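Observations on chain architecture
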Amino acid sequence: MITHHVKKKFIWSLTFDHLLHSIPFPISLQQVSRQNSPMAAITRLLKPSSSSSLFTRSLSTTTVFSDIQSSFSDPKPSRNFQWVFLGCPGVGKGTYASRLSNLIGVPHIATGDLVRQELSLSGPLSTQLAEIVNQGKLVSDEIIFNLLSKRLEVGESKGESGFILDGFPRTIRQAEILDEVTEIDLVVNLKLREDVLVEKCLGRRICSQCGKGFNVASINAKAENGRPGMSMAPLLPPQHCASKLITRADDTEQVVKERLRVYYEKSQAVEDFYKSQGKLMEFDLPGGIPESWPKLLEALNLDDYEVKRSAVA
Ligand SMILES: Nc1ncnc2c1ncn2[C@@H]1O[C@H](COP(=O)(O)OP(=O)(O)O)[C@@H](O)[C@H]1O
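What you see is a predicted model, and the numbers here were worked out from it, not measured in a lab.

1. Re the overall build of the chain
For the chain, the helix and strand inventory stands at 13 helices and 10 strands. With 313 residues in all, the chain has 30% of them scored as buried. For the chain, long-range pairs separated by at least 24 residues make up 75% of all intrachain contacts whose partners lie at least 6 apart in sequence.

2. Let's talk about the environment of Ile109
Looking at the element boundaries, Ile109 is found in strand β2 (residues 108-110). Under the C-beta neighbour-count criterion, Ile109 is labelled buried, with 21 such atoms within 10 Å. The residues touching Ile109, leaving out its near neighbours within four places in the chain, are Arg151, Phe163, Leu165 and Asp166.

3. Focus: the site of the ligand
Contacts to the ligand come from 18 residues, most closely from Pro89, Thr111, Gly112, Leu138 and Gly167. Elements with a minimum of two residues in the shell around the ligand: α5 (111-120) and α6 (124-133). Grouping the constituent residues of the shell around the ligand by class yields eight nonpolar, six polar and four charged.

4. Some words on helix α4 (residues 93-104)
Over its 12 residues, α4 extends 16 Å from the first C-alpha to the last, a length consistent with the 16 Å expected when each residue adds 1.5 Å. Contacts made by the buried residues of α4 are with β1 (82-87), β2, β3 (163-166), β4 (186-191) and α12 (289-299). Taken from the residues just after α4, Gly105 is the one with a positive phi, measuring 75°.

5. What to know about the nonpolar core
Ranked by internal contacts, the top residues of the largest apolar core, which has 50 residues, are Phe85 and Val187. The biggest single contributor to this core is helix α7 (residues 141-157), with five residues. Counting only domains with at least three residues in this core, you end up with domain 1 (1-43) and domain 2 (58-307). Ignoring sequence-local partners within four residues, the contact set of Phe85 consists of Lys93, Ala97, Ile164, Leu165, Asp166, Val188 and Leu190.

6. What about the sheet that holds β4?
Read across the open sheet, the five strands follow the order β2-β3-β1-β4-β10; overall the sheet is parallel. Here the strands that pair on one side only, and so sit at the sheet edges, are β2 and β10 (280-284). Within this sheet the neighbouring strands show an average axis-to-axis angle of 20°, counted without direction. Pairing geometry for β2 and β3, over three bridges, is parallel. When the bridges of β3 are listed, Ile109 appears paired with Leu165.

7. Quick word on the confidence of the model for the chain
In this model, the chain carries a mean pLDDT of 81, and residues with pLDDT of at least 70 account for 75%. Low pLDDT (under 50) marks residues 1-10, which in the prediction has 12 contacts with non-local residues, meaning those over four places away or in another chain. Predicted confidence for residues 23-64 stays below pLDDT 50, and this span has 63 contacts to residues more than four positions away or in other chains. In the predicted assembly, ipTM is 0.97 and pTM is 0.79.

8. Topic: the sheet that holds strand β5 (residues 204-207)
A sheet is described by the order of its strands in space; here three strands give the open sequence β6-β5-β9, paired in antiparallel fashion. Each edge of the open sheet carries a strand with a single partner, namely β6 (213-215) and β9 (245-246).

9. Points about unusual backbone geometry
Residue Pro169 is bonded to the preceding Phe168 through a cis peptide linkage, with omega at 0°. Within the secondary structure layout, Pro169 lies in the loop between β3 and α8 (172-181). Of note, Asn225 is a non-glycine position whose phi angle comes to about 45°, a positive value. On the secondary structure map, Asn225 appears in the loop between β7 (219-221) and β8 (230-232).

10. Focus on the packing of α5 against α7
Across the interface, α5 lies against α7 with an axial gap of 10 Å and an inter-helix angle of 100°. On the basis of their axis angle, the class for α5 and α7 is roughly perpendicular. In contact with Thr111, Leu114, Val115 and Glu118 of α5, α7 contributes Ile144, Leu147, Leu148 and Arg151. For the contact of α5 with α7, a count of residues per class yields five nonpolar, one polar and two charged.

11. Here's the deal with the environment of Arg248
Within the fold, Arg248 resides in the loop between β9 and α11 (253-276). You can call Arg248 partly exposed: it has 18 C-beta atoms within 10 Å. Sequence separation of Arg248 and Arg116 is 132 residues, and the distance between their C-alpha atoms is 9.2 Å. Leave out the neighbours within four places in its chain, and Arg248 touches Arg204 and Ile206.

Parameters and conventions
- Residues numbered from 1 in each chain as written.
- Predicted model: local features only at pLDDT ≥ 70, side-chain atom pairs only at ≥ 80, totals over all residues.
- Helix = DSSP H or I, 4+ residues; strand = E, 2+ residues; numbered from the N terminus.
- Buried ≥ 20, exposed ≤ 12 C-beta atoms within 10 Å, placed from the backbone.
- Contact = placed C-beta atoms within 7 Å.
- Near = placed C-beta within 6 Å.
- Nonpolar A, V, L, I, M, F, W, Y, C, P; charged D, E, K, R; others polar.
- Expected span 1.5 Å × (residues − 1).
- Core = buried A, V, L, I, M, F, W, Y, C linked by C-beta atoms within 7 Å.
- Domains from an automatic or database assignment.
- Pairing = 2+ DSSP bridges.
- Axes fitted to C-alpha atoms, helices over the stretch in contact; angles between N-to-C directions.
- pLDDT = per-residue confidence, 0-100.
- Parallel < 35°, antiparallel > 145°, perpendicular 65-115°, else oblique.

Given below as structure tokens:
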């Protein structure tokens, strides 16, 4: 058992590392596989070469959704869901990805959280990261892949499978490398008006003890330029968290605006990449959680699933 996990651990980091440094880029999975035979140990996580996976690459988004549905009734699916959440800073990726992860039973892995965990440790990497993050810039692909592979390896050693990735991939290079390593089934792109995004980022708070996220902003954006008005109630913490709230150092107006600029600059290529694979689902958030959550479940064809699940719980 230990050997099994050691092998898997070896592979995520080795594979990402290999792809990051290989020239010409990207190299095919088969090439990596030939050079590193332990690769076989995580075959079930890798891109399928046959129809054995739940999903195939050529599926249209509609077909992906019906496969999501049927996989819930399949007692032995070949592997768990591998989803990606895209969206601007403040859009609510963390909130909805975390709710969905509880619903469908896969871990929610946010690269921003991995970066913040690293920031909380003292050391040269943490100092280097603080400088980048607090300017609203992106961390290097090397650092991000390193943090992500460590997180995946730890998860696998605990028996985790599948994931909802949040905040990753953020660049076309990250998307291409991920695509070389494993199959993504569905990409949800959350959208919200920019003025609301800034307000939401400025209202974000985190409980320094339990790590849960809240939002103290009460949003009332007027209808303008053909856009509908939008109201969002604050997401207030329970009493035991209220005195422990902290604000992220990168949630200042100036840094949020720079993060949005960087996001717009990089995201189009990532969206196009997944659109061309028929995996991108665009979702315009109609408001706060009470309005958006049921609509998101409906868009994912999971509304029935939640009702059935809460009925048996
Ligand atoms: N995939 C990534 N690639 C590069 N940098 C990242 C990535 N994910 C997170 N980061 C770094 O961590 C910071 C916080 O990320 P995140 O919590 O996802 O913020 P946001 O609210 O901007 O979506 C980013 O501004 C960036 O510096």
